[in-house]
Amino acid sequence: MNFYLLFFLLIMGVGLVVSYIYFMREKKENLQAIQNGICPKCKKESMELIDQRSTGCSGPKMLTFECQSCDYINTFNISSADCSTNRC
């Protein structure tokens with residue numbers, strides 16, 4: 001009986017990891033398209049940065065983009081590039 005439970009938990013764990021990998025791959029592709037100004041949903045060049053927040057000097061930036069054509073909205077957390085200067 002314990003073998004079936006262990007097998008089920010193993011299958012669920014592998015499924016969750018694979019799902020997360022595919023989710024992050026899709027998120028990365030969406031960010032690359034948005035950096036080129038193209039909406040991942042409607043494929044038009046109508047992306048606009050509508051909100052930018054930061055948690056401080058070395059914290060990640062939260063960027064929110066919106067498509068002006070199809071109302072696609074997505075938020076990305078991007079880490080800071082240079083934290084070695086210790087200045088804001």
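Preceding this section is the structure that the text describes.
All values derive from a computational prediction rather than experimental measurement. (Residues numbered from 1 in each chain as written. Predicted model: local features only at pLDDT ≥ 70, side-chain atom pairs only at ≥ 80, totals over all residues. Heavy atoms only, no water.)

Chemist: Would you mind showing me how to read the pattern of salt bridges here?
Modeler: Between side chains of opposite charge, a pair can form when the charged atoms approach closely. Here the structure, examined in full by the defined rule, presents 1 salt bridge. For Asp51, the salt bridge identified is with Arg53, shortest N-O distance 2.8 Å. On the basis of relative accessibility, which here comes to 24%, the residue Asp51 falls in the partly exposed class. (Salt bridge = Lys/Arg side-chain N within 4 Å of Asp/Glu carboxyl O. Buried < 20%, exposed > 50% of the residue type's maximum accessible area, 1.4 Å probe, protein only.)

Chemist: Could you clarify how one ought to interpret the layout of surface pockets in this entry?
Modeler: The gaps of empty space that remain are located by a probe, the size of a water molecule, rolled over the atoms. Space inside the largest pocket adds up to approximately 160 Å³. What lines the largest pocket is simply Phe23, Met24, Lys27, Lys28, Leu31, Thr75, Phe76 and Asn77. Going through the elements one at a time, helix 1 (2-35) and strand 3 (73-78) are the ones with two or more residues in the lining of the largest pocket. With 5 residues, helix 1 is the largest single contributor of residues to the lining of the largest pocket. Split by residue class, the lining of the largest pocket holds 4 nonpolar, 2 polar and 2 charged. (1 Å grid on protein atoms, 1.4 Å probe; cavity = no way out; pocket = protein on both sides within 12 Å on 5 of 7 lines; lining within 4 Å. Points joined across faces, edges and corners; volume = space filled by probe spheres on them. Helix = DSSP H or I, 4+ residues; strand = E, 2+ residues; numbered from the N terminus. Nonpolar A, V, L, I, M, F, W, Y, C, P; charged D, E, K, R; others polar.)

Chemist: Looking at this structure, how should I read the pairing of strand 2 (residues 61-67)?
Modeler: Each regular strand carries side chains that alternate between the two faces of the sheet. For strand 2, a buried count of 5 out of 7 residues is recorded, marking the element as mostly surrounded by other parts of the structure. Note that strand 1 (residues 47-54) and strand 2 share 7 bridges and pair antiparallel. What sits directly across from Met47, in strand 2, is Cys67. The hairpin turn running from strand 1 into strand 2, its antiparallel successor, is 6 residues long, and Gly56 in that turn takes a positive phi close to 135°. (Pairing = 2+ DSSP bridges.)

Chemist: It is not clear to me how the packing of aromatic side chains should be interpreted in this structure. Could you clarify?
Modeler: We describe a pair of aromatic rings using the distance from one ring centre to the other and the angle between the two ring planes. Evaluated as defined, the whole model comprises 3 aromatic pairs. An aromatic cluster is built from Phe3, Tyr4 and Phe7, whose rings are joined through pairwise contacts. Here the basic side chain of Lys27 rests over the ring of Phe76, its NZ or CZ set 4.8 Å away from the ring centre. (Phe/Tyr/Trp six-rings, centres within 6.5 Å; stacked < 30°, edge-to-face > 60°. Lys NZ or Arg CZ within 6 Å of the ring centre and 35° of its normal.)

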